[in-house]
Amino acid sequence: MTESPLASARILGIETSCDETAAAVVEDGRRVVSNVVASQAEMHAKYGGVFPEVASRQHIRTIHTVVEEALAQAHLSLDDVDAIAVTQGPGLPGSLVVGLNFAKGLALGSGKPLIGINHLEGHIYSAWLDPQADEPEPAFPLVALLVSGGHSELILMTGHLTYERLGGTLDDAAGEAFDKVARLLGLAYPGGPAIQAAAEGGNPAAFALPRAWLEGSWDFSFSGLKTAMLHQVRDLKRQSLTPEAAAVIKDWNTVETRLPVADLAASFQQAVAEVLATKARLAAQQHGAREIVVAGGVSANAALRTLVTKDTPGRVHIPALKYCTDNAAMIAAAGYYRYTLGQVAEGALALDARPNWPVG
Ligand code: KG4
Ligand code: ZN
């Protein structure tokens with residue numbers, strides 16, 4: 001199935017799985033009519049990560065305005081949409097429930113069908129959004145590399161909504177590794193964009209960092225790389241002190257030194273991007289997939305985008321930057337394909353949050 005099965009359907013998408021409150025209207029799974037994202041990143045920055053209670057409270061405050069704004073920007077009312085798609089999981093339980101309950105209320109009040117969407121499936125479908133002129137839609141079979149703050153997965157898709165999980169991270173997700181290493185380097189949350197900015201002008205070969213290839217499996221591991229960064233930073237700090245001063249240091253976090261942050265960030269970013277790009281390419285080759293989709297927050301990373309596109313013979317689909325991180329247009333896009341197959345919730349109230357829902 002490469003052509004959209006229904007001529008026209010308009011889906012309202014709602015997303016509150018983590019720290020973005022988002023709503024969007026998408027037509028035919030591809031054409032974004034409106035896309036509103038209220039980010040809480042600044043509120044969480046002082047905690048160095050997402051604070052779940054703060055997130056759910058903020059979703060409650062903003063969800064109504066965000067959904068109204070998405071409809072207003074589309075010049076539509078709820079009557080004009082065919083169905084409502086909402087993120088059902090995975091994600092923070094308290095955050096998921098806010099979007100779900102709001103969507104249930106809309107569905108019950110309007111009589112529109114409600115569709116529960118897996119957030120990871122949503123990320124994958126961001127590759128279908130807003131195509132450039134004459135850009136063909138992703139063709140099956142394809143391998144999806146899904147790299148976000150919570151997940152690093154390699155998934156084989158043989159058709160719409162058909163997923164075979166090939167592998168995933170054994171420890172930290174790629175985005176999580178970016179966030180933790182950013183903290184180590186004294187950079188702000190979220191760490192991915194901060195590392196990318198810091199890496200500009202840095203030498204990606206400045207530090208020899210390990211790559212966990214995990215040959216024979218499609219899994220990933222980033223904990224060794226993270227530990228190597230920790231040791232590298234500690235060594236640099238040690239070198240800035242006399243041996244006598246270094247000998248009495250108990251907590252290296254308390255030692256302030258001028259670190260070569262650009263080189264450290266560039267070397268780390270290169271190590272992550274190389275492993276992700278190479279394994280995605282090999283997985284596609286070995287599974288007879290002609291195309292690759294890269295999605296999730298880390299797909300915004302310029303080094304990864306370059307590397308994965310450079311050596312792949314087939315087409316590589318990477319969403320526009322605004323669709324890489326969490327948004328509701330991707331939820332509406334996935335919702336469109338489910339809607340066309342009649343996969344809607346039997347009763348709106350039956351849809352419960354699934355905080356640990358795997359894809360596939
Ligand atoms: O998909 P997403 O918005 O939320 C989750 O579903 O987790 O991904 C957020 C993650 C964060 O860890 C963030 O640091 C990372 O994506 N990220 C990036 C970049 N932009 C966001 N990582 C590397 N380079 C970027 N430019
Ligand atoms: Zn996400």
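Numbering of residues starts from 1 in every chain and runs along the sequence as written. In the order they appear in the text, chains get letters beginning with A and ligands get numbers beginning with 1. Local features are withheld for residues below a pLDDT of 70 in this predicted model, meaning they are given only at 70 or higher, and side-chain atom pairs are given and counted only at 80 or more; totals for whole chains, interfaces and linings count all residues. Side-chain descriptors were evaluated using all non-hydrogen atoms of the structure, hydrogens and water having been removed beforehand.

Caption draft 1: Examining the layout of surface pockets more closely. A cavity, in this analysis, means grid points on a 1 Å lattice covering only the protein atoms where a 1.4 Å probe fits yet has no way out; a pocket is instead an open set bounded by protein on both sides within 12 Å along at least five of seven lines, and a residue lines either one if it has an atom within 4 Å of a point. Grid points are joined across faces, edges and corners, and a volume is the space filled by probe spheres set on the points. The volume enclosed by the largest pocket comes to roughly 1000 Å³. In this text, helices come from DSSP runs of H or I with a minimum length of four residues, and strands from runs of E with a minimum of two, each type numbered from the N-terminal end. Breaking the lining of the largest pocket down by element, the ones donating at least two residues are helix H4 (119-125), helix H5 (174-184) and helix H6 (191-199). By residue number, the principal contributor to the lining of the largest pocket is H5, which donates 6 residues. Polar here means any residue other than Ala, Val, Leu, Ile, Met, Phe, Trp, Tyr, Cys and Pro, which are nonpolar, and Asp, Glu, Lys and Arg, which are charged; Gly is therefore polar. Its residues assigned to classes, the lining of the largest pocket shows 14 nonpolar, 17 polar and 7 charged. If you count residues domain by domain, the lining of the largest pocket takes at least three from each of domain 1 (10-130 + 323-340) and domain 2 (142-318). In this structure, the second largest pocket occupies an estimated 310 Å³ of space. In this structure, the second largest pocket is lined by 15 residues; those nearest its centre are Leu184, Lys237, Trp252, Asn253 and Val255. Considering each element in turn, the lining of the second largest pocket owes the most residues, 4 residues, to helix H7 (residues 223-239). Among the residues making up the lining of the second largest pocket, the classes are represented as 8 nonpolar, 3 polar and 4 charged. Domain start and stop points were drawn from an automatic or database domain assignment.

Caption draft 2: Quick peek at the coordination of the zinc ion (ligand 2). Here the coordinating atoms are restricted to nitrogen, oxygen and sulfur within 2.8 Å of the metal centre, or 3.2 Å for Na, K and Ca, and because water is not among them the sites may look incomplete. The zinc ion (ligand 2) binds to the protein through His119 (NE2), His123 (NE2) and Asp326 (OD); the donor distances cover 2.0 to 2.1 Å. Counting along the primary sequence, the residues that act as donors to the zinc ion (ligand 2) give the motif H-x3-H-x202-D. Here the residue His119 and the residue His123 both occupy positions in helix H4, the gap between them amounting to 4 residues, near one helical turn. In this structure His119 comes out as buried when scored by relative accessible area, which is 7%. The classification of residues rests on relative accessible area computed with a 1.4 Å probe and restricted to protein chains. Under 20% of the type maximum is buried, over 50% is exposed, and intermediate values are partly exposed.

Caption draft 3: Inspection of the pattern of salt bridges at higher detail. Each salt bridge in this description consists of a side-chain nitrogen of Lys or Arg and a carboxyl oxygen of Asp or Glu lying within 4 Å of one another. Evaluated as defined, the whole model comprises 10 salt bridges. The closest approach of N and O atoms between Glu153 and Arg165, which form a salt bridge, is 2.5 Å. Taken as a pair, Glu153 in strand E7 (residues 152-159) and Arg165 in strand E8 (residues 162-168) lie far apart in primary sequence, 12 residues in all. Taking the shortest distance from any N to any O, the salt bridge between Asp311 and Arg281 comes out at 4.0 Å. Here Asp311 is found in the loop between helix H10 (302-310) and strand E10 (316-317), whereas its partner Arg281 is found in helix H9 (residues 261-286), with 30 residues between them in sequence. Judged by relative accessible area, which is 14%, Arg281 ranks as buried. Connected via shared salt-bridge partners are Asp172, Glu176, Lys180 and Lys226.

Caption draft 4: Structural context of the pairing of strand E6 (residues 142-147). With 6 of 6 residues buried, E6 lies mostly within the body of the structure. Bridge count for E6 against E7 is 6 bridges, and the pairing is antiparallel. When the sheet's bridge partners are listed, Leu142 is paired in E7 with Met157. For two strands to be treated as a pair, DSSP must find at least two bridges joining them. Here E6 folds back onto E7 in antiparallel fashion, the turn holding 4 residues.

Caption draft 5: Layout of the nonpolar core. By nonpolar core we mean a set of buried residues, namely Ala, Val, Leu, Ile, Met, Phe, Trp, Tyr and Cys, connected to one another through side-chain atoms within 4.5 Å. Leu154, Phe268 and Leu276 are the most contacted members of the largest nonpolar core, which totals 48 residues. When residues of this core are traced back to their parent elements, those giving at least two are E6, E7, H5, H6, H7, H9, strand E9 (291-295) and H10. Counting residues per element, this core draws most heavily on H9, which supplies 13 residues. Contacts were defined at the residue level, with two residues in contact if any of their heavy atoms lie within 4.5 Å. When neighbours within four sequence positions are excluded, Phe268 is seen to be in contact with Ala177, Phe178, Val181, Ile195, Leu209, Leu225 and Met229.

Caption draft 6: Representation of the packing of aromatic side chains. Here is the rule: rings of Phe, Tyr and Trp (six-membered ring for Trp) pair when centre to centre is within 6.5 Å. Planes less than 30 degrees apart are stacked, more than 60 are edge-to-face, and the remainder are tilted. Within this structure, the stated rule accounts for 7 aromatic pairs. For the ring pair Tyr336 and Tyr337, a centre distance of 5.0 Å and an interplane angle of 85° mean the geometry is edge-to-face. Just as Tyr336 is buried, Tyr337 falls in that class too. Through pairs of rings, three or more aromatic residues link up here, namely Tyr125, Trp128, Phe140, Tyr336 and Tyr337. In this structure, Lys279 packs its charged tip against the face of Phe220, placed 5.7 Å from the ring centre. Distance and angle both matter: a charge sits over a ring if NZ of Lys or CZ of Arg is within 6 Å of the ring centre and within 35 degrees of the ring normal.

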